[in-house]
Amino acid sequence: MDKQNIYKESIDAILIKGKSYLDPDFSAQQLADRLGISAFALSRLLKATYGMSYTGIVHSHRIQDAMRHLQDKRFAPYSVDDIGMMVGFKNRQSFFSAFKKATGTTPEKYRLM
């Protein structure tokens, strides 16, 4: 197995399986530190492996979780803002902006679909 695949497995284990993407304070620098590489090397690795930046990867997973929560009746008592916070966004504006960019609609409209 080549180095890139080894790093991909580690990144997936930390960010996705470990759900670090849900922590609004977990940074690219922290991920790089856990992998034992520089932030610059991490940035290049993410672009080469996933075709996107750290923020893009994290937002992608957060939006996927938000979409599931918004459609799940168990989360009906929670506001859209609450769901945004649950999936790791620090504020309403960043949640709405990332959600609309990814889906073409707002979280409120998505919930009603």
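**Description of the packing of helix α1 (residues 3-17) against helix α2 (residues 28-35)**
Where α1 contacts α2, the two axes come as close as 11 Å, and the packing angle between them is 125°. Relative to α2, the element α1 is oriented oblique. Viewed along their axes, α1 and α2 form a crossing whose handedness is right-handed. Between α1 and α2, the contacting residues are Y7, S10, I11, I14 and L15 on the first element and L31, R34 and L35 on the second. Residues that form the contact of α1 with α2 fall into these classes: 6 nonpolar, 1 polar and 1 charged.

**Here we look at the packing of helix α4 (residues 54-71) against helix α6 (residues 92-103)**
Following both chains from N to C, one finds α4 and α6 inclined at 90°, their axes separated by 10 Å at the closest point. If you check the angle between α4 and α6, you find them roughly perpendicular. Touching H59, I63, A66, M67 and L70 of α4 are F95, A98, F99, A102 and T103, all from α6.

**Observations concerning α4**
Taking 1.5 Å of rise per residue, 18 residues should cover 26 Å, and α4 covers 26 Å from first to last C-alpha, within 8% of that figure. Within α4 the residues assigned to the buried category are Y54, I57, V58, H61, R62, I63, D65, A66, H69 and L70. Structurally, α4 contributes buried residues whose contacts are with α1, α2, α3 (39-50), α5 (80-86), α6 and α7 (107-112).

**Section: the pattern of salt bridges**
All told, the structure shown has 6 salt bridges when counted by the stated rule. K8 is paired through a salt bridge with D12; the nearest N and O atoms lie 2.8 Å apart. Taken as a pair, K8 and D12 lie in helix α1 at a separation of 4 residues, close to a single helical turn. Given a relative accessible area of 28%, K8 falls into the partly exposed group. For D12, a relative accessible area of 16% puts it in the buried group. For R92, the salt bridge identified is with E108, shortest N-O distance 3.5 Å. Of the two residues, R92 sits in helix α6 while E108 sits in helix α7, which places them 16 residues apart along the sequence.

Criteria and thresholds
Residues numbered from 1 in each chain as written. Predicted model: local features only at pLDDT ≥ 70, side-chain atom pairs only at ≥ 80, totals over all residues. Heavy atoms only, no water. Axes fitted to C-alpha atoms, helices over the stretch in contact; angles between N-to-C directions. Helix = DSSP H or I, 4+ residues; strand = E, 2+ residues; numbered from the N terminus. Parallel < 35°, antiparallel > 145°, perpendicular 65-115°, else oblique. Left-handed = near helix turned anticlockwise from the far one by under 90°. Contact = heavy atoms within 4.5 Å. Nonpolar A, V, L, I, M, F, W, Y, C, P; charged D, E, K, R; others polar. Expected span 1.5 Å × (residues − 1). Buried < 20%, exposed > 50% of the residue type's maximum accessible area, 1.4 Å probe, protein only. Salt bridge = Lys/Arg side-chain N within 4 Å of Asp/Glu carboxyl O.

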